[in-house]
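# Chains, contacts and geometry: an overview
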Amino acid sequence: QVQLGESGGGLVQAGGSLRLSCAASGRTFNIYTMGWFRQAPGKEREFVAAIGWSARNTDYADSVKGRFTISRDNAKNTVYLQMNSLKSEDTAVYYCAVDSQGRNAGRRIYHYDSWGQGTQVTVSS
């Protein structure tokens, strides 16, 4: 089992930046895709970004493309989400997730098998 812990959320003004981190522990030797999802009040959890094990392959939701950057440090078992030019509609609880089964999870939420507890990001306009 993999345990995940997010950090870096907070309150920021529109146009500002935040960097989220998610550290994995436990059975980390077989982590494949790492992803970020978010859930706003009253809405379903949605895909934000994903990165493959080699970090060569990344994918972004259209709503964040060009503003957010996902990266990972396999030596530290950590995935990051750099968020720039934040908008009020980015307000949500952000969750990191990992695919430790090699399912090539990508955007498919149900292919991720471990989830963090979430970190709140609030963007004030």
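Residues numbered from 1 in each chain as written. Predicted model: local features only at pLDDT ≥ 70, side-chain atom pairs only at ≥ 80, totals over all residues. Heavy atoms only, no water.

What the four strands build is an open sheet, ordered β1-β3-β8-β7; its pairing is antiparallel. Taken across any chain shown, the strands that pair with only one partner, and hence form the sheet edges, are β1 (2-7) and β7 (68-73). Recorded for the sheet is a direction-independent mean angle of 15° between the axes of neighbouring strands. In this structure, β1 lies alongside strand β3 (residues 18-26), joined through six bridges in antiparallel fashion. Counted as the bridge partner of G5 is A23 from β3. (Pairing = 2+ DSSP bridges. Helix = DSSP H or I, 4+ residues; strand = E, 2+ residues; numbered from the N terminus. Axes fitted to C-alpha atoms, helices over the stretch in contact; angles between N-to-C directions.)

Scanning the entire structure with this criterion turns up four aromatic pairs. Ring geometry for F37 versus F47: centroids 5.7 Å apart, planes at 75°, classification edge-to-face. Highlighted residues: F37 in strand β4 (residues 34-39) and F47 in strand β5 (residues 46-51), separated in sequence by ten residues. F47 matches F37 in its accessibility class, with the two residues each being buried. Within the aromatic cluster, the residues linked to one another by ring pairs are F37, F47, Y112 and W115. Seen from the ring of Y95, R45 lies directly overhead, with NZ or CZ sitting 3.7 Å from the centre. (Phe/Tyr/Trp six-rings, centres within 6.5 Å; stacked < 30°, edge-to-face > 60°. Buried < 20%, exposed > 50% of the residue type's maximum accessible area, 1.4 Å probe, protein only. Lys NZ or Arg CZ within 6 Å of the ring centre and 35° of its normal.)

Moving on: unusual backbone geometry. Residues other than glycine predominantly adopt negative phi, and peptide bonds predominantly adopt the trans conformation. The phi torsion at A55 lies on the positive side, around 70°, for a residue other than glycine. For A55, the position within the fold is in the loop between β5 and β6 (58-60). Residues other than glycine seldom take positive phi values, yet N77 does so here, at roughly 50°. Among the structural elements, N77 can be located in the loop between β7 and β8 (78-83). N77 sits in the partly exposed class, given a relative accessible area of 23%.

Residue position: R72 is located in strand β7. Judged by relative accessible area, R72 falls into the buried class, the value being 12%. A sequence separation of 52 residues divides R72 from L20, and the C-alpha atoms of the two residues are 11 Å apart. Excluding residues that lie within four positions of it along the chain, R72 makes contacts with I31, Y32, T33, M34, I51, G52, W53, A55, T78, V79 and Y80. (Contact = heavy atoms within 4.5 Å.)

Turning to the pattern of salt bridges, a few remarks are in order. According to the stated counting rule, one finds five salt bridges in the structure shown. A salt bridge links K65 to D62; its shortest N-O distance comes to 3.4 Å. Residue classification places K65 among the partly exposed positions, given a relative accessible area of 49%. According to the relative accessible area criterion, D62 is exposed, its value standing at 64%. D90 is the salt-bridge partner of R67, the closest N and O atoms lying 2.8 Å from each other. One end of the pair, R67, is in the loop between β6 and β7; the other, D90, is in the loop between β8 and β9 (92-98), and 23 residues separate them in sequence. In terms of burial, R67 and D90 fall into one category: buried. One continuous salt-bridge network, built from bridges that share partners, spans R38, E46, R67 and D90. (Salt bridge = Lys/Arg side-chain N within 4 Å of Asp/Glu carboxyl O.)

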